[in-house]
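# Tertiary structure, described
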Amino acid sequence: MCTLSVSDYSKIRELTDELLEWTDDEKVSLSLPSMRADSFTKELMEKISSVRSSTLTFAPEAGSQRLRDVINKNITEEAILKAAGVAYAAGKNQVKLYFMNGLPYETYEDLTGIAELSKHVVDEYYRTPNRNKARQPQVTLSVACFIPKPHTPFQWERQNTFAELEDKQRFLSEQITDRKVRYNYHDARVSHIEAVFARGDRKLGRALEEAVNRGMWLDAWEEHFRFDDWMEVFAACGLDPAFYANRVIPDEEILPWDMIDCGVSKEFLLSERHKAEKAATTPSCREKCSGCGVNRLVDKAYCRWCPGHPESSDSAGDIAGEYQPKPKPELPPKGSVKAVRTLRVRFAKTGPALYISHLDLSKVMSRCIVASGLPVYYTEGFNPIPKLVFATPLSVGCGGDEEVLDIRLMKDVSNVEALAKLRGAMAAGIEVKEVYTAKEKISDIQYAHNRITYGGFEAAEYMVDAINDLFAKPVVMLKKSKSGEKEVDICTFIKSLEAKIEDGVLVIDAITAASQESYLNPEYIASAIEREFAISGTDGYHTICRKKLLMGDGVTVFR
């Protein structure tokens, strides 16, 4: 569920009850984004942990009560620690806290408060009697740089300079001495660019066009972001980024976004800005109408938070005492649910699927199988997932004509129906060819028929004999394994190998080890040929496809 303060929603209990009727049956995790600590309850904790145990995120925003009052974050340290205690009592060990640095009127004492508050959250774990003692607590701090945004009380305030933000990040890092606290922070250079565009005007259109013309794209990805290039773009367009990001804007100045009516009046935002100077808070709408102006957008009969409305709500979501929680369904004991049969799926991996890893292939297949509606068997841990068993993994870039996957079914489904469901749900590049009841075990796979095809050059007949001769004797390569790298004779993993020319193309057919205990990536064969003959050249290339999975004799096709 994606929203800012989901626990403020007046019908959150009814909504989660209805969602859980579906998510529990479908083994879908119900997770909530950053929540208000003062509206987080044990009941809500139990609901979001019914399928999967995930990290909880709370947003104190600031480390001291004074600065939380400045930004009108009406939450106390007591409420934060109470929410953490509820999480710990429910078996959680990981809590994430979201803060900002560089806020208006921030001092270094406020930054020290972030470190102190995180330490108090760790201490709350040890004060919780019924905590999960199997693992140590882990508190993760995610600290973003303040960016002044339009239509907020701080739209007139300056962002700290790049140097100020970096200095504050270093200072906070020095204050965190507990190993149970992990500190993550945003790149101040990225935040500076974001602030420029957050308060930008139409002149920045030239900068965007110039950036595109210079080939700058995907800047949200760290490997593509180039701060110095952006500074050059601004200079080329005659723009000063500090004018937009680091300048305090006077109250009377006309803002570029003033023509946009978001509902909240500019006069109200200005009054909130000046209250922030005095650290004076404004009550929430459920407590008192502060006259922000947004209520003029709706009929008062439908404004739940208007005073006197019959369905006025508290922060926990009780509606006039009407809420009656639904009883939890009784789940069968773990280990009592058995699969009725194992369905073997034979599929091809081609096209765009060539370029995903085995781990990603497993995720894609899992989601496609769930989408197919087949009654699959799920694991029974904290993170239920469909029970899938693949044959020996393929490397990235390597295709497969007859790959094998086993799926356990909770209810019997005919092969015809299962095939239709799977074909209708599969992703591009994954073609389901056949389904049948599994007989042989995947562990019976011992060999694989791999075909290496070379292109981009003219194959010569002499290469065929030379390659066959090469693998008739030991070929030593540096082979990677879980224990590290070592030199091995890859021919000990090759049952047979034949080089030939088909339609002017050099082809290598190799029967190689492909069991769970002994496996040779056919890329080693291609590398050995390249090392010996250097046949790739400027335009040369090779492709690898696993044609078949074979039994122990290296001939019989695995079924």
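Note that the structure is predicted; figures quoted are calculated from it, not measured.

Calculation rules
Residues numbered from 1 in each chain as written. Predicted model: local features only at pLDDT ≥ 70, side-chain atom pairs only at ≥ 80, totals over all residues. Heavy atoms only, no water. Helix = DSSP H or I, 4+ residues; strand = E, 2+ residues; numbered from the N terminus. Buried < 20%, exposed > 50% of the residue type's maximum accessible area, 1.4 Å probe, protein only. Contact = heavy atoms within 4.5 Å. Areas by Shrake-Rupley, 256 points an atom, 1.4 Å probe, with all protein chains shown as cover. Pairing = 2+ DSSP bridges. Phe/Tyr/Trp six-rings, centres within 6.5 Å; stacked < 30°, edge-to-face > 60°. Lys NZ or Arg CZ within 6 Å of the ring centre and 35° of its normal. Axes fitted to C-alpha atoms, helices over the stretch in contact; angles between N-to-C directions. Left-handed = near helix turned anticlockwise from the far one by under 90°. Nonpolar A, V, L, I, M, F, W, Y, C, P; charged D, E, K, R; others polar. Arc of directions from axis to C-beta. Salt bridge = Lys/Arg side-chain N within 4 Å of Asp/Glu carboxyl O. Disulfide = S-S within 2.5 Å. pLDDT = per-residue confidence, 0-100.

### Points about the overall build of the protein chain
Tallying secondary structure elements over the protein chain gives 15 helices and 14 strands in all. Burial analysis of the protein chain (559 residues in total) assigns 43% to the buried set. Here the contacts in the protein chain between residues at least 6 apart in sequence split such that 74% fall between residues at least 24 apart. In the structure as shown, the protein chain presents an accessible area of about 29400 Å², 53% of it carried by carbon and sulfur atoms.

### A look at the pairing of strand β1 (residues 56–61)
With six of six residues buried, β1 is to be regarded as a mostly interior element. Both faces of β1 are covered, namely the face carrying Leu56, Phe58 and Pro60 and the face carrying Thr57, Ala59 and Glu61. Here β1 pairs with strand β2 (residues 94–101) via four bridges, running parallel. Pairing of Glu61 across the sheet is with Phe99, part of β2.

### Some remarks on the packing of aromatic side chains
Any aromatic ring pair is given by two values, namely how distant the centres are and how the planes are angled relative to each other. Within the structure shown, the criterion is met by 10 aromatic pairs. Centre to centre, the rings of Tyr183 and Tyr185 are 5.1 Å apart; their planes meet at 40°, and the pair counts as tilted. We classify Tyr183 as buried; its relative accessible area is 16%. Ring pairing ties together the aromatic residues Tyr88, Tyr125 and Tyr126, which thus form one cluster. A cation over an aromatic ring shows up here: Arg559 above the ring of Tyr436, its NZ or CZ 4.2 Å from the ring centre.

### Describing the pairing of strand β7 (residues 399–409)
Burial runs high along β7: nine of the 11 residues are buried. As paired strands, strand β5 (residues 341–349) and β7 are joined by eight bridges and run antiparallel to one another. By the bridge assignment, Lys349 is partnered in β7 with Gly400. For strand β6 (residues 388–390) and β7, the ladder comprises three bridges, and the chain directions are antiparallel. Residue pairing across strands places Leu388 opposite Ile407, the latter belonging to β7. Here β7 runs beside strand β14 (residues 541–550); their pairing, made up of two bridges, is parallel. In the sheet register, Gly399 faces β14, and the bridge partner there is Cys545.

### With respect to the sheet that holds β2
Taken together, the four strands give an open sheet; going across it, the order is β1-β2-β3-β4, and neighbouring strands pair in parallel fashion. In this open sheet, the two edge strands, each paired with only one partner strand, are β1 and β4 (181–185). Mean inter-strand twist for the sheet, computed between neighbouring axes without regard to direction, equals 25°. The sheet contact formed by strand β3 (residues 138–145) and β4 spans five bridges and is parallel. Its bridge partner lying in β4, Val143 is registered against Tyr185.

### Let's talk about the side chain of Ser142
As for its position among the elements, Ser142 is in strand β3. Residue classification places Ser142 among the buried residues on the basis of a relative accessible area of 9%. Those residues in contact with Ser142, other than ones at most four positions away along the chain, are Lys96, Leu97, Tyr98, Phe99, Asn184 and His186.

### Concerning the packing of helix α14 (residues 461–470) against helix α15 (residues 523–533)
Relative to each other, α14 and α15 sit at 120°, their axes nearing to 11 Å. The hand of the α14/α15 crossing is right-handed. Listed contacts from α15 to Ala466, Ile467 and Leu470 of α14 are Ala528, Ile529, Glu532 and Phe533. Per-class residue counts for the contact of α14 with α15 are six nonpolar, no polar and one charged.

### A closer look at helix α8 (residues 204–213)
Restricting attention to buried positions, one finds in α8 the residues Leu204, Ala207 and Ala211. Along the long axis of α8, the arc covered by the buried residues comes to 45°, so they all point the same way. Within α8, the exposed residues directed more than 90 degrees away from the buried face are Glu209, Val212 and Asn213. On its buried face, α8 is in contact with α7 (188–198), α9 (227–236) and α10 (241–245). Gly215 sits one or two residues past α8 and shows a positive phi near 80°.

### Looking at the pattern of salt bridges
One pass over the full model with this rule turns up 27 salt bridges. Note that Glu61 is salt-bridged to Lys73, the shortest N-O span being 3.8 Å. With Glu61 in strand β1 and Lys73 in the loop between α3 (65–70) and α4 (77–89), the pair connects residues that are 12 residues apart, well separated along the chain. Residue class for Lys73 comes out buried when judged on its relative accessible area of 16%. Measuring nitrogen to oxygen at the nearest pair gives 2.8 Å for the salt bridge that ties Asp258 to Lys266. Given the relative accessible area of 33%, Asp258 is considered partly exposed. According to the relative accessible area criterion, Lys266 is partly exposed, its value standing at 25%. Three or more residues joined by partner-sharing salt bridges are found here, namely Arg346, Glu402, Glu434 and Arg559.

### Describing unusual backbone geometry
At Tyr105, a position not held by glycine, the phi torsion is positive, near 65°. Checked against the element boundaries, Tyr105 lands in the loop between β2 and α5 (108–127). What makes Tyr105 partly exposed here is its relative accessible area of 33%. Phi at Leu218 is positive, roughly 55°, even though this residue is not glycine. Relative to the helices and strands, Leu218 resides in the loop between α8 and α9. For Leu218, a relative accessible area of 34% corresponds to the partly exposed category.

### Looking at the state of the cysteines
In this structure the tally under the stated criterion is zero disulfides. Free of any disulfide, Cys545 has its nearest cysteine sulfur in Cys398, 6.8 Å distant.

### Some thoughts on the confidence of the model for the protein chain
Close inspection of predicted coordinates is inappropriate in any region flagged by low pLDDT. Per-residue confidence for the protein chain gives a mean pLDDT of 86; residues scoring 70 or more make up 86%. In this model residues 312–321 is a low-confidence stretch, pLDDT under 50, and it forms 26 contacts with partners more than four residues away in sequence or in other chains.

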